[in-house]
Amino acid sequence: HVEVAFRHAAELLQHALEPADQQARDDCTREAAQSADHGDDRDHGVAERVARVLEPGDRYLDFVVITHPQLDHFGGFSELLAHYRVGAFLVNGRTDAAAEEEWQALLSEIERQRIPLITVGAGDAVRYGDARMAILSPDGAWLHSGELNDTSVVLRVETPAWRALLTGDIGA
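Residues numbered from 1 in each chain as written. Predicted model: local features only at pLDDT ≥ 70, side-chain atom pairs only at ≥ 80, totals over all residues. Heavy atoms only, no water.

1. Let's talk about the overall build of the protein chain
The condition is simple: The way it works is that DSSP assigns letters per residue, a run of H or I at least four long becomes a helix, a run of E at least two long becomes a strand, and they are numbered from the N terminus. Exposure classes here rest on a 1.4 Å probe applied to the protein chains alone. A residue is buried below 20% of its type maximum, exposed above 50%, and partly exposed in between. We call two residues in contact when some of their heavy atoms are within 4.5 Å. Here, Shrake-Rupley sampling with a 1.4 Å probe gives the accessible areas, and only protein chains in the shown set may cover a residue.
Within the protein chain, the regular secondary structure consists of 6 helices and 9 strands. When the 172 residues of the protein chain are sorted by exposure, 43% land in the buried category. Put simply, 59% of the contacts in the protein chain that link residues at least 6 apart link residues at least 24 apart. For the protein chain, the computed accessible surface area is about 9,400 Å², with 50% contributed by carbon and sulfur atoms.

Structure, rendered in structure tokens:
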């Protein structure tokens with residue numbers, strides 16, 4: 001059983017990709033619109049929203065992917081770490097965050113909790129049971145782009161039941 005929760009502060013798409021969870025997806029879509037209306041990149045309340053897609057009492061996330069170090073893609077993870085244990089964080093390897101103070105605070109908390117911080121790039125892959133996650137980008141050239149959005153971790157997720165392409169904020 002693979003469950004995926006997507007989190008993006010400006011347009012929260014947190015859903016479990018399970019037909020029975022339509023109400024949770026509807027709630028998160030409504031909250032996404034409210035979050036976008038308020039323009040809050042820090043995404044307060046992320047732990048509460050994650051709790052909606054996990055089994056009651058489940059306080060462990062196998063891994064979290066931060067597509068790139070912009071606040072609207074990592075804001076809220078410090079709060080998440082206060083409520084959940086995380087097996088690993090996957091990042092693109094860029095160290096120049098748009099919100100440097102918040103980025104360094106998150107990295108410090110990850111280190112304090114001794115959570116592995118794994119840099120991924122094109123050609124890497126993660127397997128979890130029957131699921132496979134292929135990292136398509138960034139490669140060496142894209143990682144050094146002057147546009148931080150273009151350094152996003154791009155994932156192709158495949159399970160026996162579905163496939164998804166997750167593109168972060170890469171340009172067209």
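2. As for the nonpolar core
What counts is decided by this rule: Among buried residues, those of type Ala, Val, Leu, Ile, Met, Phe, Trp, Tyr and Cys that are joined through side-chain atoms within 4.5 Å constitute a nonpolar core.
Counting 21 residues, the largest nonpolar core has Leu 61, Ile 66, Phe 74, Phe 77, Leu 80, Phe 89 and Leu 106 as the members making the most contacts within it. Listing elements by their share of this core, those giving two or more residues are helix H2 (46-53), helix H3 (71-74), helix H4 (77-83), strand S4 (89-91) and helix H5 (100-112). Listed in part, the 8 residues of the second largest apolar core include Val 120, Val 153, Leu 155 and Val 157.

3. Some details on unusual backbone geometry
A cis amide bond, omega 10°, links Ser 137 with the succeeding residue Pro 138. By secondary structure assignment, the location of Pro 138 is in the loop between strand S7 (131-137) and helix H6 (140-143).

4. What to know about the pattern of salt bridges
Here is the rule: We count a salt bridge whenever a side-chain nitrogen from Lys or Arg sits within 4 Å of a carboxyl oxygen from Asp or Glu.
Scanning the entire structure with this criterion turns up 3 salt bridges. Taking the shortest distance from any N to any O, the salt bridge between Glu 109 and Arg 112 comes out at 2.8 Å. Of the two residues, Glu 109 and Arg 112 both sit in helix H5, 3 residues apart, roughly one turn of that helix.

5. A closer look at the environment of His 73
For the record, the criterion: The definition of a polar contact used here is a pair of N or O atoms within 3.5 Å, where within protein one atom must be able to donate a hydrogen and the other to accept one, and adjacent residues in sequence count solely through side-chain atom pairs.
Looking at the secondary structure, you find His 73 in helix H3. Under the relative-accessibility criterion, His 73 is labelled buried at 7%. Residues His 73 and Asp 169, 96 residues apart in the sequence, show an inter-C-alpha distance of 9.3 Å. A distance of 3.0 Å separates the side chain of His 73 from the side chain of Thr 67, its partner in a polar contact.

6. Observations concerning the sheet that holds strand S2 (residues 64-65)
Here is the rule: Strands are labelled as partners when DSSP assigns at least two bridges between them.
Strand order across the open sheet formed by 3 strands is S2-S4-S5, with parallel pairing between neighbours. The sheet is open, and its two borders are formed by S2 and strand S5 (117-119), each paired with just one other strand. As defined by bridge partners, S2 adjoins S4 across 2 bridges and the pair is classed as parallel. Counted as the bridge partner of Val 65 is Leu 90 from S4.

7. Comments concerning H2
Our working rule: The arc under discussion is defined with respect to the helix axis, by the directions toward the C-beta atoms.
Along H2, the residues that are buried comprise Val 46, Ala 47, Arg 49, Val 50 and Val 53. Take H2 and look down its axis: the buried residues cluster within an arc of 160°, on one side only.

8. Describing the side chain of His 68
Along the polypeptide, His 68 turns up in the loop between S2 and H3. On the accessibility criterion, His 68 (0% relative accessible area) is buried. In this structure the side chain of His 68 is engaged in a polar contact, spanning 2.9 Å, whose partner is the side chain of Ser 152. Those residues in contact with His 68 that lie beyond four places of it in its chain are His 73, Phe 74, Asn 92, Leu 148, Asn 149, Thr 151, Ser 152 and Asp 169.

9. Description of the confidence of the model for the protein chain
What counts, and what does not: Per-residue confidence from the prediction method is given by pLDDT, with values spanning 0 to 100.
Of the residues in the protein chain, 73% have a pLDDT of 70 or more, and the chain-wide mean is 76. Looking over the protein chain, one finds the lowest element-wise mean pLDDT in helix H1 (residues 22-38), namely 44, and the highest in S5, namely 94. Contacts from residues 5-22, a stretch scored under 50 in pLDDT, to residues over four places away or in other chains number 56 contacts. The low-confidence segment residues 24-40 (pLDDT under 50) makes 20 contacts with residues lying over four places distant or belonging to another chain.

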